[in-house]
Amino acid sequence: MEKFTESGVISARTCVYEMMYRLIWTVHDGRCVLEYDIELFIQDVLRQIANEKDFIVHSVKVLNQNYIDVTVSAHPKIAPSYIVKMLKGISGRKIYLKFPDIKQKLEKGMLWTNNFYIQTIGNYSEETVEDYIKKQFKKTKQ
């Protein structure tokens, strides 16, 4: 069972981590089809997917009705490319089921582009590292 600390560091069974990613992807051909009702649906769906796949969605923004900007965190064992694959693939299918008319607005019926942008985010803290080392040192002395 993972435990969250006030600083955002997560303590899992085999490691202590703070892995945060910013993910951005776009609608195919930059079409502006993500209207407000779809935006709300996307926010819910991405959080559901994250919950099912054992990572956390911290924020979801839809920009200009054609960009998705998501901040996620995950255990180091979960590859960032897997996170993107799950979010884009599952959300695309669910959006098509809920909003079938959207397909007609898209070229070739493709919702998301194949590519994405990813950035690691966070703040390196010497204090956090030192705290971790001290805790490990105390455990070995016991």
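For the structure, check the block above.
Residues numbered from 1 in each chain as written. Predicted model: local features only at pLDDT ≥ 70, side-chain atom pairs only at ≥ 80, totals over all residues. Heavy atoms only, no water.

Asker: So what exactly am I meant to see when it comes to the packing of helix α1 (residues 36–53) against helix α2 (residues 80–98) here?
Answerer: Helices that pack against each other are described as a pair by the angle of their axes relative to one another and the distance between those axes. Contact geometry for α1 and α2: axes closest at 9 Å, N-to-C directions at 135 degrees. When the axes of α1 and α2 are compared, the pair comes out oblique. As α1 packs across α2, the resulting crossing turns out to be right-handed. Residue-level inspection shows Ile-38, Phe-41, Ile-42, Val-45, Leu-46, Gln-48, Ile-49 and Lys-53 of α1 in contact with α2, the latter providing Tyr-82, Met-86, Leu-87, Ile-90, Ser-91, Lys-94, Ile-95 and Lys-98. For the contact of α1 with α2, the class distribution of residues is 11 nonpolar, two polar and three charged. (Axes fitted to C-alpha atoms, helices over the stretch in contact; angles between N-to-C directions. Helix = DSSP H or I, 4+ residues; strand = E, 2+ residues; numbered from the N terminus. Parallel < 35°, antiparallel > 145°, perpendicular 65-115°, else oblique. Left-handed = near helix turned anticlockwise from the far one by under 90°. Contact = heavy atoms within 4.5 Å. Nonpolar A, V, L, I, M, F, W, Y, C, P; charged D, E, K, R; others polar.)

Asker: Sorry if this is basic, but what is going on with the side chain of Thr-113 here?
Answerer: With respect to the element layout, Thr-113 can be found in the loop between α2 and β7 (117–121). Polar side-chain contacts of Thr-113 include one of 2.9 Å to the side chain of Asn-115. Not counting residues up to four positions away in its chain, the partners in contact with Thr-113 are Thr-26, Val-27, His-28, Asp-29 and Lys-88. (Polar contact = N/O pair within 3.5 Å; in protein donor to acceptor, adjacent residues only side chain to side chain.)

Asker: Would you explain α1 in this entry?
Answerer: Helical periodicity: at 3.6 residues per turn, an α-helix aligns residues three or four positions apart in one direction. Under the 1.5 Å per step criterion, the end-to-end length of α1 is 26 Å for 18 residues, consistent within 8% with the ideal 26 Å. Here α1 has its buried residues at Ile-38, Glu-39, Phe-41, Ile-42, Gln-43, Val-45, Leu-46, Ile-49 and Ala-50. On its buried face, α1 sits against β4 (20–26), β5 (55–63), β6 (67–74) and α2. A positive backbone phi angle near 65 degrees is found at Asp-54, which sits one or two residues after α1. (Expected span 1.5 Å × (residues − 1). Buried < 20%, exposed > 50% of the residue type's maximum accessible area, 1.4 Å probe, protein only.)

Asker: What is the right way to read unusual backbone geometry from this model?
Answerer: Excluding glycine, residues mostly carry a negative phi; peptide bonds, for their part, are mostly trans. For Asp-54, which is not glycine, the phi torsion reads 65 degrees and is therefore positive. Tracing the backbone shows Asp-54 in the loop between α1 and β5. The backbone of Gln-65 sits at a positive phi, close to 60 degrees, despite the residue not being glycine. Examined against the element boundaries, Gln-65 turns out to sit in the loop between β5 and β6.

Asker: Mind showing me how you'd approach the packing of aromatic side chains here?
Answerer: What describes a pair of aromatic rings is the distance from one ring centre to the other and the angle between the planes of the rings. Applying the stated criterion to the full structure yields two aromatic pairs. Consider the rings of Trp-25 and Trp-112, whose centres lie 5.9 Å apart with planes at 85 degrees: the pair is edge-to-face. Here Trp-25, found in strand β4, pairs with Trp-112, found in the loop between α2 and β7; they are 87 residues apart in sequence, far enough to count as distant. A residue is classified by how much of its surface remains accessible, and Trp-25, at 1% relative accessible area, is buried. For Trp-112, a relative accessible area of 8% puts it in the buried group. Where Phe-41 meets Phe-99, the ring centres are 5.6 Å apart and the plane angle is 80 degrees; that geometry is what we call edge-to-face. Remark: Phe-99 occurs in the loop between α2 and β7 and Phe-41 occurs in helix α1; sequence separation between them is 58 residues. The exposure class of Phe-99 is buried, given its relative accessible area of 16%. The lysine or arginine in question, Lys-103, covers the ring of Tyr-96, its NZ or CZ lying 4.8 Å from the ring centre. (Phe/Tyr/Trp six-rings, centres within 6.5 Å; stacked < 30°, edge-to-face > 60°. Lys NZ or Arg CZ within 6 Å of the ring centre and 35° of its normal.)

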